[in-house]
Structures are given as structure tokens and as C-alpha cells.
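Descriptive structure summary
Here is what each chain is made of, one letter per residue.
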Amino acid sequence: GGEMTETKAKYGNAPHIWRARIDGQVVPALRARVVRLKNGNSHSYTPEKYANWKSLVTYELLQQSPPMFAGPVRVQLFFYLPRPKSCPKARKYPTARNDVDNLAKAIMDGINATGKIWLDDSQVCDLQVTKEYADESNHAGVNVAVWELR
């Protein structure tokens, strides 16, 4: 007899886990900006920095052989953010900026744009998001894991 891992105990025989990595400076989701035009109409646009990051996320995920999950899924996102020079080395967790929900939304939007992984993001029934400062062993970027819930 052997011990069962938490994953195996909860989800049956080793569910297929898809893992991906996106390197670089993470950009949180930004609200679309609305500007008033001289003619009185308004125009909304997505800030360019965020639009570029979302495109990069989509491209990088597509390079990493994403599967298509048909049922409910769990998503784990692990963000490694650059440490400001003023921040003490002993501090592990960034609390000053970048809400985890906005960091997660940027990746979720990128996944939706792949047309793979899931049919609709309503399939995500469990979302776990962690952010830490990057270091020598974990460079700036995000680790993504997705697996089917059984």
C-alpha cells in the first residue's frame, strides 16, 4: 500500500495536467479607457501595454501545445514579479501593487484568446493565484497549470 497524493485522492487517477511558462514582466489587466472626442462621441480603447502583454500571453501559450479540456478545470497561476531595488531581500510577497485578480485576468483573457484549453472560461471551477518576488531560481514571469476536475 502507498500513500495517495492529495491530487490523486481528490481527482482519481492522475488527471492530465498541462503546464506552461510565460517569461517576462507581467502586466495586470487594465480597464479599457474611455476618451471623449471633439465631436462629443466617446471612444474606448485598451491600454497598449496591456494589449501587447495579452498578445504575448496568447502567443506563448499556443507555442506550448495546449490541450482542449471539455469539463470543469482547476487553474493554478504562480506569478513571479520583479523586486524593486528598495525592497528588502527578506520580503517574499509583493503587497504594494498588482492585485492578484488583475494579474489572473490578464492570463485568463490570454487563454480565452487561444481558442484552446477550454471552450469557455465558465469551465474554471477552481482558480488559485499566488504572487511572489522573482529570484535567481524563479525568474520574472508566470507559471500556468490547468487540469480537469473529476
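This section reports on the structure supplied with the text.

What counts and how
Residues numbered from 1 in each chain as written. Predicted model: local features only at pLDDT ≥ 70, side-chain atom pairs only at ≥ 80, totals over all residues. Heavy atoms only, no water. Helix = DSSP H or I, 4+ residues; strand = E, 2+ residues; numbered from the N terminus. Expected span 1.5 Å × (residues − 1). Buried < 20%, exposed > 50% of the residue type's maximum accessible area, 1.4 Å probe, protein only. Contact = heavy atoms within 4.5 Å. Pairing = 2+ DSSP bridges. Axes fitted to C-alpha atoms, helices over the stretch in contact; angles between N-to-C directions. 1 Å grid on protein atoms, 1.4 Å probe; cavity = no way out; pocket = protein on both sides within 12 Å on 5 of 7 lines; lining within 4 Å. Points joined across faces, edges and corners; volume = space filled by probe spheres on them. Nonpolar A, V, L, I, M, F, W, Y, C, P; charged D, E, K, R; others polar. Parallel < 35°, antiparallel > 145°, perpendicular 65-115°, else oblique. Left-handed = near helix turned anticlockwise from the far one by under 90°. Polar contact = N/O pair within 3.5 Å; in protein donor to acceptor, adjacent residues only side chain to side chain. Arc of directions from axis to C-beta.

**Examining helix α3 (residues 100-114)**
Side chains that are three or four residues apart share a direction in an α-helix, a result of its 3.6 residues per turn. Between the first and last C-alpha of α3 there are 22 Å, a value that for 15 residues agrees with the 21 Å anticipated at 1.5 Å per step. Within the sequence span of α3, burial applies to L103, A104, A106, I107, M108, D109, G110, I111 and T114. Buried residues along α3 sit in contact with β1 (17-23), α2 (48-62), β5 (73-81), β6 (117-118), β7 (124-133) and β8 (141-148). Looking one or two residues beyond α3, the residue adopting positive phi is G115, at roughly 70 degrees.

**A closer look at the sheet that holds β8**
Ordered in space as β1-β8-β5-β7, the four strands form an open sheet in which the pairing is mixed. Each edge of the open sheet carries a strand with a single partner, namely β1 and β7. Pairs of neighbouring strands in the sheet enclose a mean axial angle of 10 degrees, with direction left out of account. Both β5 and β8 contribute to a ladder of eight bridges, which runs antiparallel. In the sheet register, L77 faces β8, and the bridge partner there is V144. Contacting β1, β5, β7 and β8, α3 runs over the sheet at an angle of about 120 degrees to β7.

**As for the environment of L127**
Within the secondary structure, L127 sits in strand β7. Here L127 falls in the partly exposed class, since its relative accessible area comes to 41%. As for L127 and V73, which are separated by 54 residues in sequence, their C-alpha atoms are 8.7 Å apart. When residues no more than four places from it in sequence are discounted, the contact partners of L127 are V75, L77, A104 and M108.

**Considerations on the layout of surface pockets**
Estimated volume of the largest pocket: approximately 500 Å³. Around the largest pocket sit 21 residues that line it, and Q25, L81, P82, R97 and N98 are the ones nearest its centre. Of the residues contributing to the lining of the largest pocket, the split by class is 11 nonpolar, five polar and five charged.

**Points about the packing of α2 against α3**
The N-to-C vectors of α2 and α3 enclose an angle of 55 degrees; their axes lie 8 Å apart at closest approach. Considering their axes alone, α2 and α3 lie oblique with respect to each other. With respect to the hand of their crossing, α2 and α3 are arranged in right-handed fashion. Contacts from Y50, W53, K54, V57, T58, L61 and L62 of α2 reach α3 at K105, A106, I107, D109, G110, I111, A113 and T114. For the contact of α2 with α3, the residue count by class is nine nonpolar, three polar and three charged.

**A few points about the side chain of D126**
By secondary structure assignment, the location of D126 is in strand β7. The exposure class of D126 is buried, given its relative accessible area of 19%. A distance of 2.6 Å separates the side chain of D126 from the side chain of R74, its partner in a polar contact. With residues near it in sequence (within four places) discarded, D126 still touches V73, R74, V75 and L149.

**Considerations on α2**
Between its terminal C-alpha atoms α2 stretches 21 Å, which fits the 21 Å expected from 15 residues at 1.5 Å a residue. Here α2 has its buried residues at Y50, W53, V57, T58 and L61. For α2, the angular spread of buried residues about the axis comes to 135 degrees, placing them on one side. Opposite the buried face of α2, at more than 90 degrees from it, the exposed residues are E48 and K49. Looking at the buried residues of α2, the elements they touch are β1 and α3.

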